[in-house]
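Residue-level structural notes
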Amino acid sequence: MKPLLCFDVDGTLRDNVHHQVSLSTQKALRLLKKNGYHMIISSGRGIDSLTRTGLMDMFEWDGFVCNNGQVVLDAYKKEIFHASMDPQAVQEVLSIAKQYNYAVTLKSKQRIISKEPDEYVLQTQRYFQNQIPPVGTYCGQEVDAMIVYGPLGYDYAPFQKVSEVHVLPGESTYADITIAGLSKATGIQKLMHLLGLQEYIAFGDSLNDVDMFKHASQSVAMGQGNEKLKSIATFITKPIDEDGIYYACLQLGLIQEGEL
């Protein structure tokens, strides 16, 4: 039985300069599907953000893990799992962010940001080419996940003390704040159960891929990716702008050179 193939988006499928999926990656994905592999997207992006990239309709995906495992969709984009953050945890994160004058995006039905965008927000926006939501106030609405914007390389230690959340510093000026105990790996497990598969291969580049890598039969880190992630990967491929996905698929024997 072939393993499930799980792909992160930013820095893995999609570069962070031109925000595109390279022709070599597109070719690899077509060949993988032709060769009978089930493939999913496993991303920190929410459904709204992932939809705007165009990736969800670019290929025949077998499912989607969004918000680092807090929302899971099947191949038909039907929701099969959805978890929201504890309101007390949301309040605590917002309180700490206010002390440090950091902006926070709340991923809810109507996204909001807690304050006017600063340079940390703008730098992250350039990194992802994502939309900045309007400034708004948390009034107890359902929140799927949060993004805190701080200095590059910041460890977000004050936020690590909040119970019931998981803090995932990103490769730009932000950290994902998600529900403790949920991750890309837990989302992948739900899709493997649905698809009747027993193992998976993970492709990623950043710290929110760590848990996904730890539970994978094989894990592929992008050459330009986070050093901690690369230290636990079973294979380090070339950087994304050097056909890293295509190269990894060739080296792992998932596709063959010369296939059309």
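Reading the values: rules and limits
Residues numbered from 1 in each chain as written. Predicted model: local features only at pLDDT ≥ 70, side-chain atom pairs only at ≥ 80, totals over all residues. Heavy atoms only, no water. Buried < 20%, exposed > 50% of the residue type's maximum accessible area, 1.4 Å probe, protein only. Helix = DSSP H or I, 4+ residues; strand = E, 2+ residues; numbered from the N terminus. Pairing = 2+ DSSP bridges.

Examining the pairing of strand β11 (residues 200-204)
When you tally the buried positions in β11, you get five out of five residues, the bulk of the element. Across four bridges, strand β1 (residues 4-7) lies against β11 in parallel orientation. Bridge pairing in β11 places leucine 4 opposite tyrosine 200. As judged from the four bridges shared by β11 and strand β12 (residues 218-221), these two strands associate in the parallel manner. Looking across to β12, one finds that glycine 204 is bridged to alanine 221.

Remarks on unusual backbone geometry
Although it is not a glycine, glutamine 129 adopts a positive phi angle of roughly 50°. One non-glycine residue, glutamate 164, adopts positive backbone phi at about 75°. Take glutamate 164: its relative accessible area is 46%, and that puts it in the partly exposed class.

Comments concerning the environment of tyrosine 76
Relative to the helices and strands, tyrosine 76 resides in the loop between β4 (71-74) and β5 (79-82). On the basis of relative accessible area, tyrosine 76 is assigned to the exposed category, the value being 75%. Each C-alpha atom, one on tyrosine 76 and one on histidine 166, is 29 Å from the other, the two residues being 90 residues apart in sequence.

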